[in-house]
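# Observations on chain architecture
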Amino acid sequence: MASASAQPAPLSAEQAKVVLAEVIQAFSAPENAVRMDEARDNACNDMGKMLQFVLPVATQIQQEVIKAYGFSCDGEGVLKFARLVKSYEAQDPEIASLSGKLKALFLPPMTLPPHGPASGSSVAAS
């Protein structure tokens, strides 16, 4: 079913940091920045459209980097890389930070609804 040759060698935490940093750097390359800006413009902060326009571009940019490290050049390779990174996040704050930066590049910022815990607090009295 699954061939052993298709499996990438598992990366150490140190190697994962290097690859994550390279992926983040790839997003700032001028041609990739333009591609991401166009995808974001098309998505207009609509989550459904983000999945349709932004995620495929972000996936392609990641694929271009991680294929050099033995990951398959498809969505499955990106998922395997993401799972590997996730497995290191809890034990390595630097990986957690890099992972957060990467996600911020292609996910819209999450905003709390106005009825969140911050509103209605008694701190506002002056």
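For clarity, every value in this text was computed on a predicted model and none was experimentally measured.

## Some points on the nonpolar core
Among the nonpolar cores identified, the biggest contains 28 residues, and Val23, Phe27, Met36 and Phe81 are the most heavily contacted of them. Listed by contribution, the elements that provide at least two residues to this core are helix 1 (13-27), helix 2 (30-43), helix 3 (47-66), helix 4 (75-89) and helix 5 (93-106). In contact with Val23, other than residues within four places in its own chain, are Gln62, Val65, Ile66, Phe81 and Leu102.

## Details of the confidence of the model for the protein chain
On average, the protein chain scores 84 in pLDDT, and the residues at 70 or more come to 78%. Averaged pLDDT values for the elements of the protein chain fall to 92 in helix 5 and rise to 96 in helix 1. Within the model, the stretch residues 1-6 combines pLDDT values under 50 with 0 contacts to residues more than four positions away or in other chains.

## Concerning the environment of Glu64
Topologically, Glu64 is positioned in helix 3. Classification of Glu64 by relative accessible area gives partly exposed; the value is 40%. Setting aside chain neighbours within four positions, we find Glu64 in contact with Asn32 and Arg35.

## A word on the packing of helix 1 against helix 4
The description of two helices packed together rests on the angle between their axes and the distance between the axes. The N-to-C vectors of helix 1 and helix 4 enclose an angle of 125°; their axes lie 10 Å apart at closest approach. Between helix 1 and helix 4, the interaxial angle falls into the category oblique. Seen along the crossing, helix 1 lies across helix 4 with a hand that is left-handed. Contact residues: helix 1 offers Ala13, Ala16, Val19, Leu20 and Val23, while helix 4 offers Phe81, Val85 and Tyr88. Classifying every residue of the contact of helix 1 with helix 4 gives 8 nonpolar, no polar and no charged.

## Observations regarding helix 1
Here helix 1 spans 21 Å end to end across 15 residues, near enough to the 21 Å set by a 1.5 Å rise per residue. Residues of helix 1 that are buried include every one of Ala16, Lys17, Val19, Leu20, Val23, Ile24, Ala26 and Phe27, and no others. Where helix 1 is buried, its residues meet helix 2, helix 3, helix 4 and helix 5.

So, how was this worked out
Numbering of residues begins from 1 in every chain and follows the order in which that chain's sequence is written. Residue-level local features of this predicted model are given only where pLDDT is at least 70; pairs of side-chain atoms are given and counted only at 80 or more, and the full residue set underlies all totals for whole chains, interfaces and linings. Derived side-chain values reflect all non-hydrogen atoms in the structure, with water molecules and hydrogen atoms excluded from consideration. Residues grouped as a nonpolar core are buried Ala, Val, Leu, Ile, Met, Phe, Trp, Tyr and Cys residues, joined through side-chain atoms within 4.5 Å. The rule is simple: take the accessible area with a 1.4 Å probe, protein chains only, and divide by the maximum for that residue type; under 20% is buried, over 50% is exposed, in between is partly exposed. To qualify as a helix, a DSSP run of H or I must reach at least 4 residues; to qualify as a strand, a run of E must reach at least 2; elements of each kind are numbered from the N terminus. We call two residues in contact whenever any of their non-hydrogen atoms come within 4.5 Å of each other. The predictor rates its confidence in each residue with pLDDT, a number between 0 and 100. Each axis is a line fitted through C-alpha atoms, taken for helices only over the stretch in contact, and angles between the N-to-C directions span 0 to 180 degrees. Throughout, the term roughly parallel applies to angles under 35 degrees, roughly antiparallel to angles over 145, roughly perpendicular to angles from 65 to 115, and oblique to all others. By the definition used in this description, the sense in which the near helix is turned from the far one sets the handedness, with an anticlockwise turn below a right angle giving left-handed and a clockwise turn giving right-handed. Only Asp, Glu, Lys and Arg are considered charged in this grouping, and only Ala, Val, Leu, Ile, Met, Phe, Trp, Tyr, Cys and Pro are considered nonpolar; every other residue, Gly among them, is considered polar. Helix span is expected to be 1.5 Å times the residue number reduced by one.

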